[in-house]
Amino acid sequence: MNHRILFGSYPIPRFAGIASHNFVVWIDEKGRPLYEINGGAANADGSFNYCAIRGPLTAVVTDYSKRDLVYCPEFYVRPTSRATLLIEGSYPSIAARWRAAVDVAARIRLSNLRYSFLIQNSNSVATAIAEGMGLSPPSAAIGRVRAPGSHRQLVLNPT
């Protein structure tokens with residue numbers, strides 16, 4: 001089996017699992033997560049705001065070899081998360097795509113965009129990350145309904 005990049009969705013319990021949090025994850029040939037990118041709001045100290053209502057929009061790159069759930073969320077390993085394949089390939093080809101994803105995440109962090117539950121949120125970040133790798137996010141919902149913000153285009157400053 002090759003390395004893969006997946007587009008994931010975590011049903012948010014606070015909203016009866018109807019609303020979801022989208023993310024992108026890189027898994028190795030054995031199905032283990034290596035890296036994950038999550039969007040959302042940042043707290044004032046830079047930590048990830050799991051219960052965001054407002055704040056600066058951020059994109060966090062989680063390295064699964066360095067576990068720090070305060071600053072680097074992990075949604076792929078949650079039992080209720082679902083994921084669909086975006087691309088499968090050799091380590092070098094997936095690593096090249098992931099470098100592009102990390103670059104987009106950095107641009108999002110520096111964008112001065114504000115988090116908005118319905119407009120600019122984790123789902124629009126996941127879509128921007130997928131598109132930044134030259135991949136198409138799923139056109140249909142992974143969860144029960146299409147996630148709010150997943151169809152919104154983030155307007156980022158050019159680098």
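Just above, that's the structure.
What comes next is a walk through the structure. (Residues numbered from 1 in each chain as written. Predicted model: local features only at pLDDT ≥ 70, side-chain atom pairs only at ≥ 80, totals over all residues. Heavy atoms only, no water.)

On to the nonpolar core, then. Membership of the largest hydrophobic core comes to 27 residues, with the highest contact counts inside it found for Ile-5, Val-24, Ile-37, Trp-98, Ile-108, Ile-129 and Met-133. It is helix α1 (residues 91-109) that contributes the most residues to this core, 7 residues altogether. In this structure, Trp-98 is in contact with Ile-5, Val-24, Val-25, Trp-26, Tyr-35, Glu-36, Ile-37, Val-61 and Met-133, ignoring residues within four places of it in sequence. Core analysis: the next-biggest nonpolar cluster, separate from the first, contains 9 residues, Leu-6, Tyr-10, Phe-23 and Ile-27 among them. (Core = buried A, V, L, I, M, F, W, Y, C linked by side-chain atoms within 4.5 Å. Buried < 20%, exposed > 50% of the residue type's maximum accessible area, 1.4 Å probe, protein only. Helix = DSSP H or I, 4+ residues; strand = E, 2+ residues; numbered from the N terminus. Contact = heavy atoms within 4.5 Å.)

Regular strands show a simple pattern: their side chains alternate between the two faces of the sheet. Among the 9 residues of strand β1 (residues 3-11), 9 are classified as buried, and the element is accordingly described as predominantly covered. Going residue by residue along β1, you find His-3, Ile-5, Phe-7, Ser-9 and Pro-11 tucked away on one face and Arg-4, Leu-6, Gly-8 and Tyr-10 tucked away on the opposite face as well. Pairing analysis gives 7 bridges linking β1 to strand β6 (residues 82-89), with the strands arranged antiparallel. From the neighbouring strand, His-3 faces β6, where its bridge partner is Gly-89. With 8 bridges joining them, β1 and strand β2 (residues 20-27) adopt antiparallel strand pairing. Within β2, the position partnered with Ser-9 by the bridge is Asn-22. (Pairing = 2+ DSSP bridges.)

The residue Asn-112 is not glycine, and still its phi comes out positive at about 65 degrees. Along the polypeptide, Asn-112 turns up in the loop between α1 and α2 (122-132).

For the rest of this paragraph, the subject is the environment of Arg-99. Structurally, the position occupied by Arg-99 is in helix α1. For the pair Arg-99 and Gly-132, spaced 33 residues apart in the sequence, the C-alpha separation amounts to 9.9 Å.

Time to look at the side chain of Glu-74. Within the secondary structure layout, Glu-74 lies in the loop between β5 (57-63) and β6. For Glu-74, a relative accessible area of 6% translates into the label buried. Of note is the side chain of Glu-74, whose polar atom sits 2.6 Å from the side chain of Arg-67. Not counting residues within four places of it along the chain, the set of residues in contact with Glu-74 comprises Glu-36, Thr-62, Tyr-64, Arg-67 and Leu-69. (Polar contact = N/O pair within 3.5 Å; in protein donor to acceptor, adjacent residues only side chain to side chain.)

Our next topic: α1. The terminal C-alpha atoms of α1 lie 26 Å apart, and with 19 residues this matches the ideal 27 Å at 1.5 Å per residue to within 8%. Those residues of α1 that sit buried are Ile-94, Ala-95, Trp-98, Ala-101, Val-104, Ala-105 and Ile-108. If you follow the buried residues of α1, they end up packed against β1, β2, β3 (33-42), β5, β6 and α2. (Expected span 1.5 Å × (residues − 1).)

Without other data, these values stay purely geometric and don't point to any function.
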